[in-house]
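Here is how the chains run, residue by residue.
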Amino acid sequence: MQQRQLRQQPSDAQIAALVRGDSVHKSVYTDPALFELEMQRIYGRVWIYVGHESQVPNPGDTHTTRIGNQDVVMVRAADRQVHVLYNRCPHKGAKLVAEGDHNVGKFFRCPYHAWTFKLDGQHLAAPMKLGFEGTCFDPKHPDFSMRQLARVENYRGFVFANQCAEGPGLKNFLGGVISSIDNLCDRSPSGEVEVAGGVFRVLQPSNWKVFYENLHDTMHARVTHESSFMAARDEAKAIGNMPLELHIMDGNGEPYEFWEKLDLCAYDNGHGYMEGIFDPGAADKDPVTRSHFESLKQAYGEERAREILGMNRHNTIVYGSGSPHTVFQQFRVIRPISVDRTLVEIQVFRLKDAPPALFKRALVYANLINSPSSNVMPDDIEVYGRCQDGNLNHGGDWVSMHRYHGTDRTMEGGMVSTNGTSELPMRNQFKAWKQFMMSDSAFPQAEPAKEPVHAA
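For clarity, every value in this text was computed on a predicted model and none was experimentally measured.

Calculation rules
Residues numbered from 1 in each chain as written. Predicted model: local features only at pLDDT ≥ 70, side-chain atom pairs only at ≥ 80, totals over all residues. Heavy atoms only, no water. Pairing = 2+ DSSP bridges. Helix = DSSP H or I, 4+ residues; strand = E, 2+ residues; numbered from the N terminus. Axes fitted to C-alpha atoms, helices over the stretch in contact; angles between N-to-C directions. pLDDT = per-residue confidence, 0-100. Contact = heavy atoms within 4.5 Å. Buried < 20%, exposed > 50% of the residue type's maximum accessible area, 1.4 Å probe, protein only. Nonpolar A, V, L, I, M, F, W, Y, C, P; charged D, E, K, R; others polar.

A. View of the sheet that holds strand E2 (residues 48–52). Strand order in the open sheet formed by 3 strands is E2-E11-E10, with antiparallel pairing between adjacent strands. Lying at the two open borders of the sheet, with one neighbouring strand each, are E2 and strand E10 (151–155). Along the sheet, successive strands turn relative to each other by an average axial angle of 30 degrees, direction set aside.

What follows is the structure, encoded as structure tokens:
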């Protein structure tokens, strides 16, 4: 079958035909028309992580980012509430806030014609108001204010937004995977975390869905990351021990038998998690973990402290948003840019009131694994790009997801693998993808934003 490039909006039947139980058509990664529909029907329908409230600690603080193909700004208002607004002035459409994190003061001011807006987006003032006399200009009409996203929810400091006013609430959408966010926060003696230490940003030459698949792909580690884990082992041999910095890289070199024993949990809506591939240290051995355990013991009691540290997860998938890593306090935020470009932002979290050594260890992990200059991430980026390029060739039309197909076990809210090398997570993600992409999905589609009836 020739590759199908869907130049017009595909029908539900065409979309359904792209996803089989054990494979998907390669056009799901390469077709610009499908990408544009994803922006409407996935990123326009589901809850997407915008940022953490600690990124806007003070009134007037802003954090710019994207939800699908929409530029948005998260802002802390004077009443301490966090709002998420489309980053657009209703006058001429200029982006009000430059990319990055800023403090805009007591109000937004457009750099083009100096229209101003309150921190919740409401119209504040426009210069030379005499020019509007006799027109339909009405500062109280929403057409002349910054537009808020339809829904915004803050879960334990993690701010999510939804462009659609209807559909499941945030907790319902996250389902069982919300436990990973809870665990990340619970690892703080005070139950609170904050983004700290800056962020890494990496632009990957591949479709956004490839990244999600790779997060729980246990078959690639020994192959793709061979150079880094072999280098770590050579260095350990030379110095006579395996410090944490080398242990982190060495984990990818575990034999297939190790990976087969891991649990892969796949929740509804494309979410899931992969069991941890290593514990950074038992509470009675590693001094950093021991001090962490003591701080949690004082806050929660011994039984609860052991329960918190006992939840050992590697990569969690919050479909459409990214991947929290609870043990090393990271969140890889995944932002689609185009059908073959994806921006990944790596946030590092500090556990409030926890021993400082924990944050230092998180920074070590971020630099060794997630930074653009690490010995690990470039391996992944290379193969992502090869997948993107290869799926443009005529050497076949279907992408295999056959490993342990038909053996998945049902659990509450999803499935669990019978073997840790199963491609259950990929199948689960495309099950959700097809569900979201249907025109009659249970997740309603956001109404297209209307332009002002009367341009000022």
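B. Seen up close, the confidence of the model for the chain. Put simply, the chain has an average pLDDT of 92, and 94% of its residues get 70 or more. Confidence drops under a pLDDT of 50 for residues 448–456, and excluding neighbours within four residues, the segment shows 14 contacts in the predicted structure.

C. Examining the environment of Pro59 more closely. When you line up the elements, Pro59 lands in the loop between E2 and strand E3 (61–67). Distance in space between the C-alpha atoms of Pro59 and Val82 is 9.1 Å, their sequence separation being 23 residues. In this structure, Pro59 is in contact with Arg76, Ala77, Ala78, Arg80, Asn103, Gly105 and Leu119, ignoring residues within four places of it in sequence.

D. Up close: the pairing of strand E17 (residues 330–338). Among the 9 residues of E17, 7 are classified as buried, and the element is accordingly described as predominantly covered. Looking at chain direction, strand E16 (residues 322–325) and E17 are connected through 4 bridges and run antiparallel. Its bridge partner lying in E17, Gly322 is registered against Val333. Taking the residues between adjacent antiparallel strands as the criterion, E16 and E17 are bridged by 4 residues, where Gln329 takes a positive phi near 55 degrees. Sheet analysis places E17 next to strand E18 (residues 341–351), joined by 8 bridges and oriented antiparallel. Residue pairing for E18: Ser338 is matched across the bridge by Arg341.

E. The packing of helix H6 (residues 208–215) against helix H15 (residues 424–437), seen in detail. Where H6 meets H15, the axes come as close as 9 Å, and the angle between the chain directions of the two elements is 140 degrees. Contact residues: H6 offers Lys209, Tyr212 and Glu213, while H15 offers Met426, Gln429, Phe430 and Trp433. Here the residues of the contact of H6 with H15 are counted per class, giving 4 nonpolar, 1 polar and 2 charged.

F. Inspection of the environment of Met230 at higher detail. Looking at the element boundaries, Met230 is found in helix H8 (residues 226–239). Spatially, the C-alpha atoms of Met230 and Met249 are 8.8 Å apart, while their sequence positions differ by 19 residues.

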